[in-house]
Amino acid sequence: MDGIWGSPWVGLKHFKFLFLQSPDFFKILGNTVVISIYHIVFGFPAPIILALMINEIRSSKFKKVAQSLTYLPHFFSWVILGGILITLLSPSTGVVNYLITLVGLEPIYFLGDPHYFRFTLVTSAIWKEVGWGTIIYLAALTGVSPDLYEAAVMDGASRWKQTLKITLPSILPVIVLMLILRMGGILDAGFDQILNLYSPATYGVADILDTYVYRVGLQNFQFSLTTAVGLFKNVIAFMLVLFTNYISKKLGQDGLF
Amino acid sequence: MRQGKGSTLFQIFLISFMVILCIIMLYPFVHMLAISFSSPAESLRLGIHLYPKQVSLYAWERVLGKHDIWIGFGNTVFRTVVGTVCSVLFMSMGAYPLSRRYLPHRNVFTLLIVFTMFFGGGLIPTYFLIKNLGLLDTRAVYILPGLVSTFSMLILRNFFQAIPDELEDSAKIDGANDLRILFQIVLPLSLPVLATLSLWSAVGHWNAWFDAVLYIQDPDKQVLTTFLRRVVITGEDLSMYASNTTNTALGYQEPIKAATLMFTALPIIIVYPFLQKYFVKGTMVGSLKG
């Protein structure tokens, strides 16, 4: 390492290699985007639905207990949760596969089978974050005027109608803002989670930009090449943030800055 | 309040669903705790584990008797306490001037700091920066690189902004200098937000593992999470439980893994019920930002 002045200038050598010759680059870029989109498609609506359900609970005591318990997994790192998942999802002794065989199905190797690995990633991420994600929506729900519901009841609207016509539209601005912000992070597919859960058997479907930089760069000493990968990711991510911020302002929202 | 057709039936459905969801959230932790107190045969039994049917304290004895775990524990406590105190101190000292409207070029400074939230050099340049700063294999690496969380500092700045200039003016007339104003007027008025940011920082430090994996080789400076990772995720350290004395430990693989895991998780589980509401409050402060 000779620093910025001492190192030879190689121009776009590493970027050219990545975009034109590297067998891995588009695969890991694809993995990153696909996993991230799965997280958005399944993980984004989950806390909204849960918040609507929590909001409908009448007993305020049970509401509090339910909230506290669903927040719990958020507070643990993926090292701890990864250890738990390895035990619970084991194909031979895991309790999840025990339940699956009770129903008469074949045990599934959730963490080792490339067909199921992304499903495992998305589901376990929902388990960790769904409760915590409700907080912002629940806060938005407390702002909905009770008058609206009273008027709806007078007009004979059912509960379901009320949810559809009053509750959802009232929190729509928050939902849109959260979605826009989430889109800005589309190249973040969950580094901590994947690094603690993947294995050589699942590299093919789970290797994302960040894990590639860590494994190939730092563990196999390909510093220059993977720095180029990291820079590519950060530049795109930065442009996405600027873009989503612009969109959010266009839609009349606050935006980040 | 709200009424509609079929609402009792709906409540029953709703409550049952939520109960199942709560079980899904809680069960994994109960399971691990039960396994950690189980005998080898019990730990391998297929099925639900709510409590150990054959109790054994062997795994906990081995785990708590292990020198490495106490080294990890000590380092984790060190980084949690010192890291949190330093973070809050430095973030306050950064946020206070940025919150004052009379600071020249305030927006330029803020922009430069906010920029770091959205763009960074990446993992490898950061690694070499840390290396060339001579921070590899030092405990300072746990504290210094993440000393100021940009996001938390902005929250703090917004909170300070709400404190009127007049308070500061009158203190100045009474002869207080800037440091005194910060420590005796601004910070005492900001205790709720300081408490929340400290909690965030503390949980972050307790859970952090990647910086230790990256920057620390020295076994005496490892933290609890890297130790746990070597036992449960990569499995490197599992055999060393057996190596020194008997092979009994080999049958206790699962209980030993579970006990190591619960040892790391328990502090959070224990403080969680008492501090939960502050965490939630903090998220609101963060998301409703100014």
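Everything numeric in this text was worked out from a predicted model, so none of it was measured. (Residues numbered from 1 in each chain as written. Chains lettered and ligands numbered in written order. Predicted model: local features only at pLDDT ≥ 70, side-chain atom pairs only at ≥ 80, totals over all residues. Heavy atoms only, no water.)

K.L.:
In this structure, what is going on with the interface of chain B and chain A? I would like to understand it.
P.N.:
Size of an interface, as often reported, equals the accessible area lost when the parts are brought together. Contacts between chain B and chain A engage 62 residues on the former and 67 residues on the latter. There are zero salt bridges connecting chain B and chain A. Counting the contacts that link chain B with chain A gives eight residue pairs in polar contact (both at pLDDT 80 or more). The set of elements that each furnish at least two residues to the side of chain B that touches chain A consists of helix H1 (7–36), helix H5 (106–118), helix H6 (123–132), helix H11 (191–207), helix H12 (210–215), helix H13 (224–233) and helix H16 (253–287) of chain B. Tallying contributions element by element places H1(B) first for the side of chain B that touches chain A, with 19 residues. (Contact = heavy atoms within 4.5 Å. Salt bridge = Lys/Arg side-chain N within 4 Å of Asp/Glu carboxyl O. Polar contact = N/O pair within 3.5 Å; in protein donor to acceptor, adjacent residues only side chain to side chain. Helix = DSSP H or I, 4+ residues; strand = E, 2+ residues; numbered from the N terminus.)

K.L.:
What exactly am I supposed to notice about unusual backbone geometry here?
P.N.:
Across the chain, the bulk of peptide bonds are trans and the bulk of non-glycine residues have phi less than zero. With a phi close to 60 degrees, Phe221(A) is a non-glycine residue in the positive phi region. The backbone phi angle of His105(B) is positive, close to 55 degrees, even though this residue is not glycine. Residue position: His105(B) is located in the loop between helix H4 (67–99) and H5.

K.L.:
Even after reading the chapter, I still don't get the domain arrangement of chain B, so can you show me in this structure?
P.N.:
All names here are of chain B. As far as domains go, chain B holds domain 1 (1–55) and domain 2 (59–288). On a C-alpha basis, the centroid separation for the pair domain 1 and domain 2 is 32 Å. Contacts between the two partners involve 11 residues from domain 1, matched on the other side by 11 residues from domain 2. When domain 1 packs against domain 2, the two sides together hide about 870 Å² of surface, and 81% of this comes from carbon and sulfur. Ranking the residues of domain 1 by area buried against domain 2 places Met32, Ser36 and Pro40 at the top, with a combined share of 49%. Applying the counting criterion to the domain 1 and domain 2 interface returns zero salt bridges. Elements with a minimum of two residues in the side of domain 1 that touches domain 2: H1 and helix H2 (40–44). If you tally residues by element for the side of domain 1 that touches domain 2, the top one is H1, at five residues. Along the lines of polarity and charge, the residues of the side of domain 1 that touches domain 2 split into seven nonpolar, four polar and no charged. (Domains from an automatic or database assignment. Buried area = accessible area lost by both parts, 1.4 Å probe. Nonpolar A, V, L, I, M, F, W, Y, C, P; charged D, E, K, R; others polar.)

K.L.:
Just checking my understanding: could you explain the packing of aromatic side chains for this structure?
P.N.:
The way to describe two aromatic rings as a pair is by their centre distance and the angle between their planes. Here the structure, examined in full by the defined rule, presents 34 aromatic pairs over all chains. Judged by centre distance (5.4 Å) and plane angle (80 degrees), the ring pair of Phe238(A) and Phe115(B) falls under edge-to-face. One end of the pair, Phe238(A), is in helix H14 (residues 223–250); the other, Phe115(B), is in helix H5, on a second chain. Overall, the relative accessible area of 39% leaves Phe115(B) in the partly exposed class. Between Phe73(B) and Trp206(B), the aromatic rings sit 6.2 Å apart at their centres with planes inclined by 80 degrees, giving edge-to-face as the arrangement. With a gap of 133 residues between them, Phe73(B) in helix H4 and Trp206(B) in helix H11 connect regions that are remote in the sequence. The class for Phe73(B) is partly exposed, based on a relative accessible area of 27%. The structure contains a cluster of three or more aromatic residues connected by ring pairs, namely Phe15(A), Phe19(A), Phe25(A), Phe26(A) and Phe232(A). Across from the ring centre of Tyr203(A), 4.0 Å away, lies the NZ or CZ of Arg215(A), which sits over that ring. (Phe/Tyr/Trp six-rings, centres within 6.5 Å; stacked < 30°, edge-to-face > 60°. Buried < 20%, exposed > 50% of the residue type's maximum accessible area, 1.4 Å probe, protein only. Lys NZ or Arg CZ within 6 Å of the ring centre and 35° of its normal.)

K.L.:
Looking at this structure, I do not really get the pattern of salt bridges. What am I missing?
P.N.:
Close approach of charged atoms allows side chains of opposite charge to pair. For the structure shown, the criterion picks out 13 salt bridges over all chains. A salt bridge links Asp188(A) to Lys233(A); the shortest N-O distance between them is 2.7 Å. Highlighted residues: Asp188(A) in the loop between helix H10 (159–184) and helix H11 (191–197) and Lys233(A) in helix H14, separated in sequence by 45 residues. The class of Lys233(A) is buried, set by a relative accessible area of 8%. The network of salt bridges with common partners includes Arg100(B), Asp165(B), Glu168(B), Lys172(B) and Asp178(B).

K.L.:
Any chance you could explain the nonpolar core here in plain terms?
P.N.:
Most often, soluble globular proteins have nonpolar side chains that are buried together. Core analysis: the largest hydrophobic core is formed by 119 residues, its most contacted members being Tyr71(A), Phe75(A), Phe76(A), Phe117(A), Met18(B) and Leu261(B). Look past the residues within four positions of Phe117(A) in its chain and what remains in contact with it is Phe110(A), Leu111(A), Leu197(A), Tyr198(A), Thr202(A), Val205(A) and Ala206(A). Counting 19 residues, the second-largest nonpolar core is a separate cluster that includes Val88(B), Ala95(B), Leu187(B) and Leu197(B). (Core = buried A, V, L, I, M, F, W, Y, C linked by side-chain atoms within 4.5 Å.)

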